[in-house]
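Here are the chains, one letter per residue:
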Amino acid sequence: MDARTIISKIRAQTEVTADEMRWFAAGLANGTVSDAQAGAFAMATCLNGVGDAGRVALTKAMRDSGDVMSWDLDGPVLDKHSTGGIGDCVSLVLAPVLAACGAYVPMISGRGLGHSGGTLDKLEAIPGLSTAVDEPTLRGIVENVGCAIVGASGNIAPADHRLYAVRDVTATVDNIDLITASILSKKLAAGLDGLVLDVKVGSGAFMTEMDEATALATALVTTASQAGCPTTALITNMDQPVVTSMGNALEMMDVLDVLTTGRGGRLVDLVVELGTDLLVQGGLYDTVDHAKSMIKQSIKGGDAAEVFARMIYALGGPADFVEQYGDRLPAAPVVMDIMPNVAGRVVGMNGTMLGMTVVHLGGGRLRDGDAIDPSVGLTHVANIGEVVDEYTPLARVHAQSPAEASRAADQVRAAFDIGDTAFHTPPLVHKRITP
């Protein structure tokens, strides 16, 4: 086998065999395949696709290009992946909830990308905590605590690390076959018994149209299931933040508020929907109603908060973080309400613009390697349908200086659509995709 032949077959829309995909993925991992050949492979796939069988073969090949974990535990190994959005801190509640309900969750997560926040960045707002752990440490935390939210080690799907870097500079990121293989190769390398996918759609998501989100969700579910991992997907709304905060430490405050008080809202509702699919899929509960009841009880009864506290400590955070989180998280020196230019009802918002406002405050990265300020962002973001006026702000900005707060306020006002016309309250879950 050789790279030129495989690339030629994709260019000619001829089926590539599983053996050829394995050879190519191994070549990406060990350097046999050059950057030029990797770019040509990505471009050929972007233009012509590799078909359903080719997508499954590529996913499994990239999964097998590095370490693939296996487990011997007394419960199912489950995980969740989100395609990214604004104010989305679901993983930080869902992982300890699943563990409190009897599952084991080795959740390999990512950092902020573009306008969307990253789960690892949010966790690392906690003083002393590190999400960079080796495999033995990951195993120990999962086995003893029940869940661990960490970054991928260097030998998890190394073929994907290589191919993604090439795609990023060759305008070949936006392709369902390549996106699917990239997401699933890392998740399936964790040795999962079940996976649920939170595919976002709306103004704050990477996919703004329902047909795009449905196509990706279907490809992900079909591919993961054919690769041996039972999987479902929920297409969820991202026309507004999941919580009313955006920013790393600020979203952590919302997470801890839910875990310590049991208060509901969109965050808990989404945790219940995603967790129910996983717990029933993993065989822990026989019925949807039973699973939902146990999830809610794990939050209200404090079991999930206890698991979360143990995970934070195991990752290097303070032992008393859950009890003292208000004092442990960093706070910005300037806090200012953003009042609307005109009174009226919020009928829509540009989620991507809101996300980029947080990035420009320092809460995200404009360039690879940028340091993040965990204290900045937005809170009290108005919901669609809410009336705002001279007494009710659009949001509250947390910034390092008055000038930065003022610039952010102008961007936030531009992101909101205020009117007196009829409005549509978006549903939390649009549809569920099953194999």
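Residues numbered from 1 in each chain as written. Predicted model: local features only at pLDDT ≥ 70, side-chain atom pairs only at ≥ 80, totals over all residues. Heavy atoms only, no water.

S.K.: Is there a simple way to think about the packing of helix 8 (residues 158-169) against helix 9 (residues 176-188) in this case?
M.R.: The description of two helices packed together rests on the angle between their axes and the distance between the axes. Axis separation between helix 8 and helix 9 bottoms out at 10 Å; the angle between their running directions is 145°. Helix 9 is crossed by helix 8, and the crossing has left-handed handedness. Only Leu 178, Ile 179, Ser 182, Ser 185 and Lys 186 of helix 9 make contact with helix 8, whose side of the interface consists of Asp 160, Leu 163, Tyr 164 and Arg 167. Here the residues of the contact of helix 8 with helix 9 are counted per class, giving four nonpolar, two polar and three charged. (Axes fitted to C-alpha atoms, helices over the stretch in contact; angles between N-to-C directions. Helix = DSSP H or I, 4+ residues; strand = E, 2+ residues; numbered from the N terminus. Left-handed = near helix turned anticlockwise from the far one by under 90°. Contact = heavy atoms within 4.5 Å. Nonpolar A, V, L, I, M, F, W, Y, C, P; charged D, E, K, R; others polar.)

S.K.: Is there a simple way to think about helix 3 (residues 35-48) in this case?
M.R.: The α-helix advances 3.6 residues per turn, and as a result positions three or four apart in sequence lie on the same side. In this model helix 3 runs 20 Å from its N-terminal to its C-terminal C-alpha over 14 residues, within 8% of the 20 Å that 1.5 Å per residue would give. For helix 3, the full list of buried residues reads Ala 38, Gly 39, Phe 41, Ala 42, Ala 44 and Thr 45. Contact partners of the buried residues in helix 3: helix 1 (3-11), helix 2 (18-30), helix 4 (51-63), helix 8 and helix 9. (Expected span 1.5 Å × (residues − 1). Buried < 20%, exposed > 50% of the residue type's maximum accessible area, 1.4 Å probe, protein only.)

S.K.: Sorry, what's going on with the environment of Leu 278 here?
M.R.: When you line up the elements, Leu 278 lands in helix 12 (residues 266-281). Along the sequence, Leu 278 and Lys 80 sit 198 residues apart, while their C-alpha atoms lie 8.4 Å from each other. Ignoring any residue separated from it by four or fewer positions in sequence, one finds Leu 278 in contact with Leu 78, Asp 79, Lys 80, Leu 98, Gly 194, Leu 195 and Val 196.

S.K.: When you look at unusual backbone geometry in this model, what are you seeing that I'm missing?
M.R.: Glycine aside, the phi torsion of most residues is negative, and most peptide linkages are trans. Although it is not a glycine, Ala 157 sits at a positive phi angle of roughly 45°. One can find Ala 157 in the loop between strand 3 (147-150) and helix 8. Look at His 380: it is not a glycine, yet its phi comes out positive at around 55°. Here His 380 is to be found in the loop between strand 8 (377-379) and strand 9 (387-388). Since its relative accessible area comes to 45%, His 380 is described here as partly exposed.

S.K.: Quick question: what am I supposed to make of the sheet that holds strand 8 here?
M.R.: Adjacent strands of a sheet form backbone hydrogen bonds with each other and so pair up, either parallel or antiparallel. The three strands are arranged 6-10-8 in an open sheet whose pairing can be described as antiparallel. Each edge of the open sheet carries a strand with a single partner, namely strand 6 (334-338) and strand 8. The sheet shows a mean angle of 30° between the axes of neighbouring strands, direction not considered. Two strands pair when backbone bridges link them, and strand 8 and strand 10 (residues 395-399) are joined in this way by three bridges, in the antiparallel orientation. Note that in strand 10 the partner of Leu 378 across the bridge is Val 397. Across the face of the sheet, helix 17 (residues 402-415) comes into contact with strand 6, strand 8 and strand 10 while running at roughly 25° to strand 6. (Pairing = 2+ DSSP bridges.)

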